[in-house]
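# Descriptive analysis of the structure
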Amino acid sequence: MKTMNIYDVIIIGAGPAGLTAAMYTSRACLKTLIIENPSIMSQAGYAVLVENFPGFTQGVSGPQFIANLKSQAISLGAELIVGNVNSVKFLKQQNHGIWQINTLDKTYRALSQIVASGASARKLDIPDEDRFLGKGLSYCATCDGAFFKDKEIAVIGGGNSAVEEAIFLTRFAGKVTIIHRRDKLRATRFLQEKAFSNKRIDILWNSIVDKILGDSKVSGLRLKNLDTNTLRELRCEGVFVSIGKIPNTEFLKGVTSLDDNGYVITDRELKTSEKGIFACGDCRDTFLRQIVTACGDGALAAYSCQQYIEQR
Ligand SMILES: Cc1cc2nc3c(=O)[nH]c(=O)nc-3n(C[C@H](O)[C@H](O)[C@H](O)COP(=O)(O)OP(=O)(O)OC[C@H]3O[C@@H](n4cnc5c(N)ncnc54)[C@H](O)[C@@H]3O)c2cc1C
């Protein structure tokens, strides 16, 4: 019978958090496997230019940054494979248990796991949303904005990301309309002032998207005014949805404590409620979600994990 490889640690996610954690666990001589879902790109990979990571005075493109982290983690000894983790299970053994990590088609075992699965864009949850994806509808202005040169675009949302994306999109678009469900933006005052003073940005208040219009691609939106309950149509060829994130933590439901929004609850050492599971980066309940904080988290989770393995 073939014996299954048991890793010291399996890291779920290959973004800044997971890859930094892998560098630390590998350098601490822990046998490390990173599993990356091929259909969810690290959010950092979407950044056109990362200007706020210390040490890169000219900035660095998101994809280049992730490629660097991957080769650094691998050169320090970590293994990286693709797989969509859909469940984790604790297997009781004599003294300590081990974790079984299941992807859609394979099973892996480890003494511990570091969850670094990040977050994904929240959807509008209206009919035809999936059908229009890539046909005028996008969740990432930095990725797809350039396809809308001189076109009319709608941005859905009113937080920092939505307003930042609207401002960014004016580099390409003829006109950008922000559609926001409330009567004031949630974005910082600095961003609000930038948006209000931008002649190419319009804002439609108290409005939600009722329907995406178009045949084979987006041609407009049907909007509902929440004050008057009336419908109106807005002509646009691009729609960028920026209404928040959902943590990629489905596989942890019922295993470890999650907050009401699904973010993993950790203590200051990034231990979760379950022994042997650590969490880091955007998937955890934290105050700031950036590359630099994800990397810092990765180092801390790896250090806690290393201590856990030593004490076992
Ligand atoms: C468009 C955009 C621009 C940004 N620009 C900046 C910037 O300029 N500066 C900055 O500091 N921050 C920026 N951010 C935020 C930054 O990218 C995130 O804070 C950071 O990437 C979080 O890192 P992470 O490792 O926690 O998660 P992520 O980078 O999201 O990585 C998550 C990883 O988990 C994997 N994964 C998810 N689910 C599973 C599963 N079930 N099984 C296996 N693997 C799984 C994914 O494949 C991915 O590899 C930007 C974000 C976006 C969306």
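Residues numbered from 1 in each chain as written. Predicted model: local features only at pLDDT ≥ 70, side-chain atom pairs only at ≥ 80, totals over all residues.

### Topic: the sheet that holds strand 13 (residues 218-225)
The line we're drawing: Only strands joined by at least two bridges in the DSSP assignment are considered to pair. Strands here are runs of E lasting at least two residues and helices are runs of H or I lasting at least four, both read from the DSSP assignment and numbered beginning at the N terminus. Only the contacting stretch of a helix is used when fitting its axis, a line to C-alpha atoms as for every element, and angles between N-to-C directions run 0 to 180 degrees.
On the basis of which strands lie adjacent, the open sheet formed by 3 strands has the order 12-13-14 and antiparallel pairing. Each edge of the open sheet is held by one strand with a lone partner, namely strand 12 (207-214) and strand 14 (231-235). The sheet shows a mean angle of 30° between the axes of neighbouring strands, direction not considered. As defined by bridge partners, strand 13 adjoins strand 14 across 5 bridges and the pair is classed as antiparallel. Opposite K224, over in strand 14, you have L231 as the bridge partner.

### Side note on the sheet that holds strand 11 (residues 201-204)
With parallel pairing, the 5 strands of this open sheet are ordered in space as 8-15-9-10-11. Bordering the open sheet on either side are strand 8 (137-138) and strand 11, each of which pairs with just one other strand. Sheet analysis places strand 9 (residues 152-156) next to strand 10 (residues 175-179), joined by 5 bridges and oriented parallel. Note that in strand 10 the partner of I156 across the bridge is I179.

### Observations regarding the nonpolar core
This is how the line gets drawn: Note on definitions: a nonpolar core is a set of buried residues drawn from Ala, Val, Leu, Ile, Met, Phe, Trp, Tyr and Cys, linked by C-beta atoms within 7 Å. Burial is judged by counting the other C-beta atoms within 10 Å of a residue's own C-beta: 20 or more makes it buried, 12 or fewer makes it exposed, and any count in between marks it as partly exposed, with every C-beta position built from the backbone. The contact criterion used here is simple: two residues whose C-beta atoms, placed from the backbone, lie within 7 Å are in contact.
If you look at the biggest cluster of nonpolar residues, it comprises 52 residues, and the most contacted ones within it are I10, A21, I114, C280 and A301. Of the residues forming this core, the biggest block, 8 residues, is contributed by helix 7 (residues 291-311). Not counting residues within four places of it along the chain, the set of residues in contact with I10 comprises L33, I35, I101, Y108, A110 and Q113. A166, I179, C236 and F240 belong to the second largest nonpolar core, which has 31 residues in total.

### Focus on the site of the ligand
Heads up, the condition is: Defining nearness, a residue is near a molecule or strand when the C-beta atom obtained from its backbone falls within 6 Å of it. Under the grouping applied here, Gly and all other residues not named as nonpolar or charged are polar, the nonpolar ones being Ala, Val, Leu, Ile, Met, Phe, Trp, Tyr, Cys and Pro and the charged ones Asp, Glu, Lys and Arg.
The environment of the ligand is made up of 35 residues, and the closest members are G13, G15, A17, G118 and G281. Listing elements by their share of the shell around the ligand, those giving two or more residues are helix 1 (16-27), strand 2 (32-36) and helix 7. Within the shell around the ligand, the residues separate by chemical class into 18 nonpolar, 14 polar and 3 charged.

### Let's talk about the domain arrangement of the protein chain
Much of the literature gives interface size as the accessible area that the parts lose upon coming together. Using the following cut-off: In this document the domain limits rely on a domain assignment from an automatic tool or a database.
When its domains are assigned, the protein chain resolves into domain 1 (6-121 + 245-311) and domain 2 (129-241). Between the C-alpha centres of domain 1 and domain 2 the distance comes to 33 Å. Domain 1 puts 4 residues into the contact, and the matching count from domain 2 is 5 residues. Residues belonging to the side of domain 1 that touches domain 2 are distributed by class as follows: 4 nonpolar, no polar and no charged.

### Quick look at unusual backbone geometry
Phi at D150 takes a positive value of approximately 65°, unusual for a residue other than glycine. Inspection of the secondary structure puts D150 in the loop between helix 4 (141-144) and strand 9. Residue class for D150 comes out exposed when judged on the 9 C-beta atoms lying within 10 Å of it. One non-glycine residue, L270, lies in positive phi territory at about 65°. Within the secondary structure, L270 is located in the loop between strand 16 (245-247) and strand 17 (277-279).

### Points about helix 2 (residues 62-75)
The test is simple: Multiplying 1.5 Å by the helix residue count minus one yields the expected span of that helix. In this context, the arc is that of the directions from the helix axis out to the C-beta atoms.
For helix 2, with 14 residues, the first-to-last C-alpha span of 20 Å sits near the 20 Å given by 1.5 Å per residue. Those residues of helix 2 that sit buried are G62, F65, I66, L69 and A73. Around the axis of helix 2, the buried residues are gathered within 95° of arc, so they sit on the same side. Pointing more than 90 degrees away from the buried face of helix 2 are the exposed residues A67, N68, S71 and S75. Contact partners of the buried residues in helix 2: helix 1, strand 2 and strand 3 (79-82).

### With respect to helix 7
For helix 7, built from 21 residues, the straight-helix expectation of 30 Å at 1.5 Å per residue is met to within 8% by its first-to-last C-alpha distance of 30 Å. Of the residues making up helix 7, those classed as buried are I291, A294, C295, D297, G298, L300, A301, A302, S304, C305 and Y308. Along its buried surface, helix 7 packs onto strand 1 (6-12), helix 1, strand 6 (107-115) and strand 17.

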